[in-house]
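Chain by chain, the residues run as shown.
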Amino acid sequence: MIKIKRALISVSDKKGIIDFAKMLIKFNVEILSTGGTAKLFAENNIPVIEVSYYTGFPEMLDGRVKTLHPKIHGGILGKRDDEKHLETMNKFNIPLIDLVVVNLYPFETTISKENCQLSEAIENIDIGGPAMIRSSAKNYNGVAVVTEASDYKMIEDALKQNDGALNLECRFNLAKKAFEHTAKYDSAISNYLNGLDTNRNVTYPNKLNLAFNKKMDLRYGENPHQSASFYVDEITNKGSLASFKQLQGKELSYNNLNDADTAWECVKSFKLPSCVIVKHANPCGVGSSKDLLDAYKKAFLTDPTSAFGGIIACNTPLDKNTASQIITQFVEVVIAPSYEAESLKIFESKPNIRLLEVTLDNNFNAFELKKIGGGLLVQSPDNFNIDINHCKIVSKLKPNQEQMDDMLFAWRVAKYVKSNAIVFCKNNRTLGIGAGQMSRVDSTKIASIKAQNANLDLTNSVVASDAFFPFRDGIDVLAAAGAKCVIQPGGSLRDEEVISAADELGLVMLFTGYRHFRH
């Protein structure tokens, strides 16, 4: 056990620090602190010794030098069980420091600001903080280091239990967290600087350092014989799936989260109350309406067979009527920005259903990562949204407004369907989805068959294709099924042949100029 007699506190994030310091005072802990933190303590009548007074040297160079002093680092790094260390410390009047509470300048927050200048980023690179954290963590045998405000309560409980002392296991666990903290911090700096070219334009860094925290162990991986865990990026936008809060249900599996991500990203793209049902990482039904229950029914009726055991995502608070309908089918996961109290009561009758709550926010814009053998593919997110009114009408027939609306709906869905993707839609709902085939004509046939199996009429429907039609055969299939409009990127060597087929079959055809491959 190490009795905590002296603590050094220097925090950028001051959340909870007042109460924590008051708690230390109750254990007769002497508190050392720097600039802003010391001032805050003094204003709250917390006894504090300012570091500049303690070392005999003022903060200098615009605050760049505060704690880089032998009296600080000697007090942290000195070995408590080494007589020579203790003699040296006594000779130079260096008291022991038993607890270091430090969190760092907000570098990641700074660089995330729009138009952040390099000079501002540089000034938010902490030097003294990481040095103190590393020194404390290295000497965990004699020093406890706290880098996260979430650990304050744990420290308080341990001190109460051990009469003001912390045991070795606690200090070692804190040291591991400390090195994780500085590694993540250094990674953020390295990635930022390596991502700037000589003209200070942002590029992909030459070396990419990643730092993710484990959020949870998962029920299993893609298959039950595989183990899995879920890691998150601490600075992930609150609107991403990673920020979910699980309200009820069994443990999540790898597939649950993989499918849930597709469902959540897709449903966020719609403005009307909408519902997306996903199975095996593909939407199998999407519906929008003024009423969420109606949107759910539209999505479910697209493909009731595939919806069995699926993931359901909604972009509005989930009401009791929709909840009552959802529990009549077998569902693995439900996602919504919030749940009405009555809907939660309804879901209690199905305790195995996993309910996830995620804040609705479309500003998430992080790089997309995909692991391949021995490497990592990194790309910008596919967040381009077309203006349907600026698409090129290449057919002789012109679309009416209702057809334009349906084509935009279909195009949004196709963006989240595995390539090759074909989506039949009408009246803000999907009618048939063909996904993941090696040839586009096969995806078209599958989408048509899916609609037939669900007894859905494709007459006067619209079709979205995530990439161009390389031949007219796909156009022949969708026209025979009853479609009247096609929206696709264009760009094939046989575009003229495909356009001629559309004119011959009496179809409207729009070119977006952009494709949405998804693998």
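The structure contained in this document is the topic of the report that follows.

So, how was this worked out
- Residues numbered from 1 in each chain as written.
- Predicted model: local features only at pLDDT ≥ 70, side-chain atom pairs only at ≥ 80, totals over all residues.
- Heavy atoms only, no water.
- Axes fitted to C-alpha atoms, helices over the stretch in contact; angles between N-to-C directions.
- Helix = DSSP H or I, 4+ residues; strand = E, 2+ residues; numbered from the N terminus.
- Parallel < 35°, antiparallel > 145°, perpendicular 65-115°, else oblique.
- Left-handed = near helix turned anticlockwise from the far one by under 90°.
- Contact = heavy atoms within 4.5 Å.
- Patch = residues over 30% accessible without salt bridge, like charges linked within 9 Å, V, L, I, M, F, W, Y side chains within 5 Å.
- Areas by Shrake-Rupley, 256 points an atom, 1.4 Å probe, with all protein chains shown as cover.
- Salt bridge = Lys/Arg side-chain N within 4 Å of Asp/Glu carboxyl O.
- Pairing = 2+ DSSP bridges.
- Buried < 20%, exposed > 50% of the residue type's maximum accessible area, 1.4 Å probe, protein only.

Close contact between helix α8 (residues 128–138) and helix α10 (residues 168–194) brings their axes to 9 Å; oriented N to C, the two are set at 150°. Overall, the two elements α8 and α10 adopt an arrangement that is roughly antiparallel. The two elements α8 and α10 cross, and the hand of that crossing is left-handed. Listed contacts from α10 to P130, I133, R134, A137 and K138 of α8 are A175, A178, F179, H181, T182 and Y185.

On to a nonpolar patch on the surface, then. Where nonpolar side chains cluster on the molecular surface, the patch consists of Y204, L208, L210, F212, Y231, F367, L369 and L376 and spans about 730 Å² of accessible area. Inspection of the secondary structure assignment puts L369 in strand β16 (residues 368–372).

For β16 and strand β17 (residues 375–379), the ladder comprises five bridges, and the chain directions are antiparallel. What sits directly across from L369, in β17, is V378. Where β16 folds back onto β17 in an antiparallel hairpin, the turn is made up of two residues, including G374, whose phi is positive at roughly 75°.

Mapped onto the fold, T316 is located in the loop between β13 (310–314) and α14 (320–326). Owing to a relative accessible area of 19%, T316 belongs among the buried residues under this scheme. When near neighbours in sequence (up to four residues on either side) are disregarded, T316 contacts P273, L292, A336, P337 and S338.

If you trace the backbone, V417 turns up in the loop between α16 (401–414) and β19 (422–425). Taking the relative accessible area as the measure of exposure, V417 reaches 0% and is therefore buried. Remark: the alpha-carbon pair of V417 and G434, spanning 17 residues in sequence, is separated by 8.2 Å. For V417, the residues in contact, after removing those within four places along its chain, are N282, P283, V423, I433, G434, A435, D466 and R518.

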